[in-house]
Structure formats: C-alpha cells, structure tokens
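Results of the structural survey
Okay, here's what each chain looks like letter by letter:
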Amino acid sequence: MVRPTPVRLKAGSDDLPPGPYGISRAELDALLSAEPRYRSAQVWEGLHRRADRVEELTELPKALRARLAGPLAPALTEVGRAESADGATTKWAFALADGAVIETVLMAYERRATVCVSTQAGCAMGCPFCATGQGGFTRHLRPGEIVEQVAVAMRGNRPRPVTHVVFMGMGEPLANYDGTWGAVRRLHDDMGISARRLTISTVGIIPGIKKMAAEPLPVTLAISLHAANDELRDRLIPINRRYPLAALMEACRAYKAATRRRLSFEWALIAGVNDSARDAAELAALARPLDAHVNLIPLNETAGYGGAATGRTAAREFGAWLAESGVVATVRVTRGADIAAACGQLAGPAGG
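Residues numbered from 1 in each chain as written. Predicted model: local features only at pLDDT ≥ 70, side-chain atom pairs only at ≥ 80, totals over all residues. Heavy atoms only, no water.

1. Quick word on the packing of helix α10 (residues 277-290) against helix α11 (residues 312-324)
At their nearest, the axes of α10 and α11 sit 9 Å apart, and the two run at 40° to each other. Here α10 is positioned oblique relative to α11, judged by the angle of their axes. As for the relative orientation of α10 and α11, their crossing is right-handed in sense. Every residue of α11 that contacts α10 at Ala277, Asp279, Ala280, Leu283 and Ala284 is listed here: Phe318, Trp321 and Leu322. Of the residues contributing to the contact of α10 with α11, the split by class is seven nonpolar, no polar and one charged. (Axes fitted to C-alpha atoms, helices over the stretch in contact; angles between N-to-C directions. Helix = DSSP H or I, 4+ residues; strand = E, 2+ residues; numbered from the N terminus. Parallel < 35°, antiparallel > 145°, perpendicular 65-115°, else oblique. Left-handed = near helix turned anticlockwise from the far one by under 90°. Contact = heavy atoms within 4.5 Å. Nonpolar A, V, L, I, M, F, W, Y, C, P; charged D, E, K, R; others polar.)

Structure, rendered in structure tokens:
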C-alpha cells in the first residue's frame, strides 16, 4: 500500500514541520487518504475537541497511531514548567522546531480557567517595562504553534476545561495578524471556544484593529494603554509615535461600533510615573466616552526595568479616582509573579 507523503508547511523561508494543529482538514484528509473516510473525522475531533495527543487517540488502530506520530508530531517541545506556590498558575517554556523559545501561562480560577498564549517569539515593540520587549524579536508564530499552546493547557487542566484564551503572552498579536487570526479561527471553529471568551491584547496597532473590526468574530479587544497622554506614552509604548492616542481612540470607537463589544484598557501602575490624580483624570477622559473597562495592574518586576509597582493602597485610590469620574476599574490580583509568569514577565529562555 502506498502511504501519503507526510505534510510539511512552509513558515517564511523555513520549511518547518507543521505540528498537529498546523495542518488543515483538507491536508489531514490527504494524509489519511488510504484509510476509511471516518478516520479523518476521528483524528480531527480528537485533536481539537479533546486536545488529545496522537498516542491518546485510542479509537484508532495502534498501527495508525504509530504512522501518524511522525507527520503529526508536536510543534512545541516542553523545556521547562513551573507552578506557583498556591498551585493556581502554571507556566510552560516551549522550544519550537527552529530553536526559538516561548512561554505559555495557565491561570485556574474557581469557575474558569484562562490560558495566556504567545503569538511571537520575542517582541519588537520595545516597551521598556516588559521582559519580552527587553529581549528583542525572534519571529512570528504560526497559527498551529499558537493553538498547540491552548491544547497543552487543556491537557494540563484536565478534568476541568479551559474556558478562556487571552492573546497576552509574548509578542504583539496584531503585528502577527495572520498567525493570530488564524489561531482565533481554529480555536473558535474547531475547538469550540466562543468568540466572547477570546481576548486579543494590543499596544495599539491601528491597521490590525481595523482589520479585526471587519472580521466576522467579535472577540474582545484589550488595549495596553499605560499612559493617557502622548508624551508619556511615547516613552512607555514606543509604537505610540506611529499610532498616537487620538488615532488609537478613533480606531477603538470604530471597533466598538462594529462589534458591539466592550473594550478594556490595561494600565500597568508604575509608582511616580502614571499613578497620579492627573493620570487618572486623563485616563478617565479616554475611557468614559468609550465605556471601556480599566484593568489596573501594579507593575510586575523585571530585571531590565528600574521602575517600581504602585502600592496596593495607592492602586485602590487610583481606582477610586476613576470611579468618581464614572469609569469602572478593577485592581487586578497578580498571578504567578513567584514564577515570573505575571503580566510583562514572560521572557522565553531567561524566564523559563
């Protein structure tokens, strides 16, 4: 019997193996063309709905599982894992086929579980307080490499399900639009995760926001804002020089109008930098017209940035200033800081 040639997909100039989530249904059908037609459905459902590894697909004959082990070999190789002291947060470090390293975080709550995925190895945005940005950019991730992070987290959280996915790990999701949106479609269409439980975070890549507004899936948009005037934001978020606040707010208004989804603004509270009453007033002036929810996140420590986190009392006061201005804000509880898994701390090899 002639066996189909293993599928390989190109990623830029590199011919990398696709992994189990990097092939399309048509490619899987071709791979299994010598088998009964129902085998392809069994494999597809097992990989996506149950997040099983190939060797766990026990509805398949053992010989077929062995044959699929090569062409559907994982694209991610676990090279490190850490669990927070309270057991609620798990961080994985994964090596990709070309040696690049990324990190993924699973956060378990009482009634939900959220996986935070990386969309790039490294990041080119250069935000000084972010460990990923401090390390520079390596490459974009392919959709299958993003989806596989979710599958690993699903297996790690068994028997409880993963309920939410946030694109807030390493990298700028909208700088890798094709990879990010390809993963969104696979997570929604094939893994069955509602668009309302998918959140894409961006520092403000306006062309990407406009493209998202035209997409059929109304995912949640989170803006990593961190400053509400251009002078300060130019320093904290360098891409602001290309996409300043006035243009960014207009893109946010258009996204809200197109999707009818509530926006969220992320604000890393840095002591003496962006935590004054004036900063709160400037932030309220942007958030209130959009009815945006503000997530206040006391800065998480990174080796490459000398700033300090705003204290909890001062953070609550900042939130109270926003509330007085009619803005709903939440002071986030830091998760996973003891394993360098909190917001802004993911750093690939250094953080693994």
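Now that the structure is up, let's keep going.
2. Here we look at the pattern of salt bridges
The full count for this structure, using the stated rule, is 18 salt bridges. For Glu145, the salt bridge identified is with Arg142, shortest N-O distance 2.9 Å. Each of Arg50, Asp52, Arg53, Glu56, Glu59 and Arg158 takes part in salt bridges that share partners, so that together they form one network. (Salt bridge = Lys/Arg side-chain N within 4 Å of Asp/Glu carboxyl O.)

3. Structural notes on the sheet that holds strand β9 (residues 164-167)
Through backbone hydrogen bonds, the strands of a sheet pair up, either in parallel or in antiparallel fashion. The 10 strands lie next to each other as β3-β4-β5-β6-β9-β10-β11-β12-β13-β14, forming an open sheet whose pairing is mixed. The strands lining the two open edges of the sheet, one partner per strand, are β3 (77-83) and β14 (329-331). Across the sheet, the mean angle separating the axes of adjacent strands is 20° when strand polarity is ignored. Note that strand β6 (residues 113-116) and β9 share three bridges and pair parallel. The residue of β9 that forms the bridge with Cys116 is Val166. Sitting on the sheet, α10 is in contact with β12 (264-269) and β13 (293-298), with an inclination near 165° to β12. (Pairing = 2+ DSSP bridges.)

4. Concerning the pairing of β3
Two elements, β3 and strand β4 (residues 89-95), share six bridges in a ladder whose sense is antiparallel. Counted as the bridge partner of Gly80 is Ala93 from β4. Linking β3 to β4, which pair antiparallel, is a turn of five residues; within it Gly87 sits at a positive phi near 75°.

5. Quick notes on the nonpolar core
Grouped together as the largest cluster of nonpolar side chains are 102 residues, with contacts concentrated most on Val219, Leu225 and Phe265. No other element matches the seven residues that helix α5 (residues 143-156) contributes to this core. (Core = buried A, V, L, I, M, F, W, Y, C linked by side-chain atoms within 4.5 Å. Buried < 20%, exposed > 50% of the residue type's maximum accessible area, 1.4 Å probe, protein only.)

6. A closer look at unusual backbone geometry
A negative phi angle is the norm for most residues apart from glycine, just as the trans form is the norm for most peptide bonds. Cis geometry marks the peptide bond from Arg158 to Pro159, where omega comes out at 5°. Even without being glycine, His226 reaches a positive phi, approximately 70°. Among the secondary structure elements, His226 is positioned in the loop between β11 (220-224) and α8 (230-236). The exposure class of His226 is buried, given its relative accessible area of 8%. Although it is not a glycine, Arg260 sits at a positive phi angle of roughly 60°.

7. Digging into the packing of aromatic side chains
Throughout the structure, instances matching the rule amount to five aromatic pairs. Seen from their ring centres, Trp92 and Phe94 are 6.5 Å apart, and the 10° between their planes marks the pair as stacked. On the accessibility criterion, Phe94 (2% relative accessible area) is buried. Relative to Tyr305, the ring of Phe129 lies with its centre 6.3 Å away and its plane at 65°, an arrangement referred to as edge-to-face. On the criterion of sequence distance, the pair formed by Phe129 in the loop between β7 (120-122) and α4 (131-134) and Tyr305 in the loop between β13 and α11 is long-range, its members being 176 residues apart. Classification of Phe129 by relative accessible area gives buried; the value is 9%. An aromatic cluster is present here, built from Trp267, Phe318 and Trp321 joined pairwise through their rings. Note that Arg112 overlies the ring of Tyr109, its terminal NZ or CZ placed 4.0 Å from the centroid. (Phe/Tyr/Trp six-rings, centres within 6.5 Å; stacked < 30°, edge-to-face > 60°. Lys NZ or Arg CZ within 6 Å of the ring centre and 35° of its normal.)

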